[in-house]
Amino acid sequence: MKLDWAAASDTGQVRANNQDSAVAEDGLFAVADGMGGHAAGEVASRVAVEALRVSAEGNGLVEAVRAANQAVIDRADTDPALRGMGTTMVAIAREGEQVVMVNVGDSRGYLFRDGQLQQITEDHNLVAQLLREGRLTREEARVHPQRNIITRVLGNDPDVEIDVFTVDAFRGDRFLLCSDGLFNEVDDDAVADVLRNHRDPQAVADELVRRANAGGGRDNITVVVVDVLDDNDRSRAASVALAGAAATSVAEPIPAAPTESARRARRADDSISVEPPRPRWVTWRSVLFALAMLLVIGSIAGSFWWFGRNTFYVGVDGDQVAIFRGRPSGLLWLDPTVEQRTTLTLSDVPAARRDDVEKGKDQADLATARRYVVNLRQQAAEERAATTPTSSSTTTTTAPSPGTPTTTTSTP
Ligand code: MG
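As the structure is a prediction and not an experimental result, all values here were calculated from the model. (Residues numbered from 1 in each chain as written. Predicted model: local features only at pLDDT ≥ 70, side-chain atom pairs only at ≥ 80, totals over all residues. Heavy atoms only, no water.)

Caption draft 1: Spatial organisation of the overall build of the chain. Helix and strand content of the chain: twelve helices and 15 strands. Every one of the 412 residues in the chain was classed for burial, and the buried ones make up 43%. When the accessible surface of the chain is summed, it comes to about 20,900 Å², and 53% of that surface belongs to carbon and sulfur atoms. (Helix = DSSP H or I, 4+ residues; strand = E, 2+ residues; numbered from the N terminus. Buried < 20%, exposed > 50% of the residue type's maximum accessible area, 1.4 Å probe, protein only. Areas by Shrake-Rupley, 256 points an atom, 1.4 Å probe, with all protein chains shown as cover.)

See below:
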């Protein structure tokens, strides 16, 4: 998986110092928002991201965050001035063909995919908790005076709970990590606009910081933007990843730390030239849909075929009466075919029936069609018999004889 990335951080318009820290290097990205008196918050976030970088060299991301947590605790123990400091941390790492995202605190991780911005992380703060419990409305939460109170940080509990999300990343995906200095000043729609309208990740990062400052800049602002340039044509993973709406934020226990060979493979990734990415529209959903459509079309075609091939009519072939299989004017691609010829000609057919036969007289089945032909012949004979005795002078002896079917299989 090939990535491109950029970061930007700013003190903002109000704060005296910047207590945010960030990591942005190939395969490891993090934003930490420190808190504590004086410069303690700055120390907390810096100690955390340094420990994260070091630990991530040989461990999975969750282990690295645990190490960061312990490093902040240890550092606070060495200096009474730092006691009580803590930091948020949201981080992502490339692990095989997935992106693993971890979160502690109220910084955020987003995924921007197909033009849509989705917050993957859950805010660990009082207001978000009250919101989840249904004790606040979204409107109340937005202006709640205690919305800065966070419920989970690094630097406090050695066994801190770490949220983990794994994302099957695809070419074109854009990850955004940020501190609350961004999203408290710039709403998600505006953030999505910036992600949509700037191709260069550095331009995105700079524009987001600019907008947060323009919105008031009441806190430090830090953003990391990570673009997935290449997804190594993960055909199998693709269908799994797109199998459900939750595909982009499937929270799963993180696998054990990658093996040394996996880590080497990961580093070698960038030098591997890969095939063009698998088209994203080939999902199991689209395949199922196509199959269902084929089934529907097939059964409709089958019905037409059955109807077109199992109906009969009596009509004329040239000037000979015949039994046809099909519909008089055909049905879609199914032209009628002669099922059985007769020796009757159109002129033998009684005048009252001639029109019907010329147009093609529908019959329920082959037997009915044969009976119809027999009737035609009988009526023709009766007509001749009725006219012959009374017209002695005009009788001709060359009247056409009633026909019989020429086929040998059956005789109507
Ligand atoms: Mg902050």
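Don't stop here, the text continues.
Caption draft 2: The arrangement of a nonpolar patch on the surface in detail. On the surface, a nonpolar cluster with roughly 880 Å² of combined accessible area is contributed by Val296, Ile300, Phe304, Trp305, Trp306, Phe307, Leu332 and Trp333. Along the chain, Ile300 falls in helix H10 (residues 284-309). (Patch = residues over 30% accessible without salt bridge, like charges linked within 9 Å, V, L, I, M, F, W, Y side chains within 5 Å. Salt bridge = Lys/Arg side-chain N within 4 Å of Asp/Glu carboxyl O.)

Caption draft 3: How the structure looks around the packing of helix H1 (residues 40-56) against helix H2 (residues 61-78). Packing of H1 against H2 brings their axes to within 8 Å, and their N-to-C directions diverge by 140 degrees. Between H1 and H2, the interaxial angle falls into the category oblique. In this structure, H1 crosses over H2, and the sense of that crossing is right-handed. Between H1 and H2, the contacting residues are Val43, Ala44, Val47, Ala48, Ala51, Leu52, Ser55 and Ala56 on the first element and Leu61, Glu63, Ala64, Val65, Ala67, Ala68, Ala71, Val72 and Arg75 on the second. Considering only residue class, the contact of H1 with H2 consists of 14 nonpolar, one polar and two charged. (Axes fitted to C-alpha atoms, helices over the stretch in contact; angles between N-to-C directions. Parallel < 35°, antiparallel > 145°, perpendicular 65-115°, else oblique. Left-handed = near helix turned anticlockwise from the far one by under 90°. Contact = heavy atoms within 4.5 Å. Nonpolar A, V, L, I, M, F, W, Y, C, P; charged D, E, K, R; others polar.)

Caption draft 4: A look at unusual backbone geometry. Even without a glycine there, the phi angle at Asp114 is positive, about 50 degrees. Considering the arrangement of structural elements, one finds Asp114 in the loop between strand E7 (108-113) and strand E8 (116-119). Overall, the relative accessible area of 62% leaves Asp114 in the exposed class.

Caption draft 5: Structural detail: the coordination of the magnesium ion. Protein-derived ligands of the magnesium ion are Asp33 (OD), Asp180 (OD) and Asp219 (OD), with the metal-ligand distances lying across 2.0 to 2.3 Å. Taken in sequence order, the residues that donate to the magnesium ion follow the motif D-x146-D-x38-D. Separated by 39 residues along the polypeptide, Asp180 in helix H5 (residues 180-183) and Asp219 in the loop between helix H7 (201-214) and strand E11 (221-230) bring together distant segments of the chain. Grouping residues by exposure puts Asp180 and Asp219 together as buried. (Donors = N, O, S within 2.8 Å, 3.2 Å for Na, K, Ca; no water.)

Caption draft 6: Main features of the sheet that holds strand E12 (residues 312-317). With respect to topology, four strands assemble into an open sheet ordered E14-E13-E12-E15, the strand pairing being antiparallel. A single partner strand is all that each edge strand has here, and the edge strands are strand E14 (337-345) and strand E15 (361-363). Going from strand to strand, the sheet's axes swing by 30 degrees on average, the running direction of each strand aside. Where strand E13 (residues 320-325) and E14 come together, five bridges link them in antiparallel fashion. Across the sheet, Arg325 pairs through a bridge with Thr337, a residue of E14. The strands that helix H11 (residues 351-359) touches are E12, E13 and E15; relative to E12, the one it contacts most, it runs at about 100 degrees. (Pairing = 2+ DSSP bridges.)

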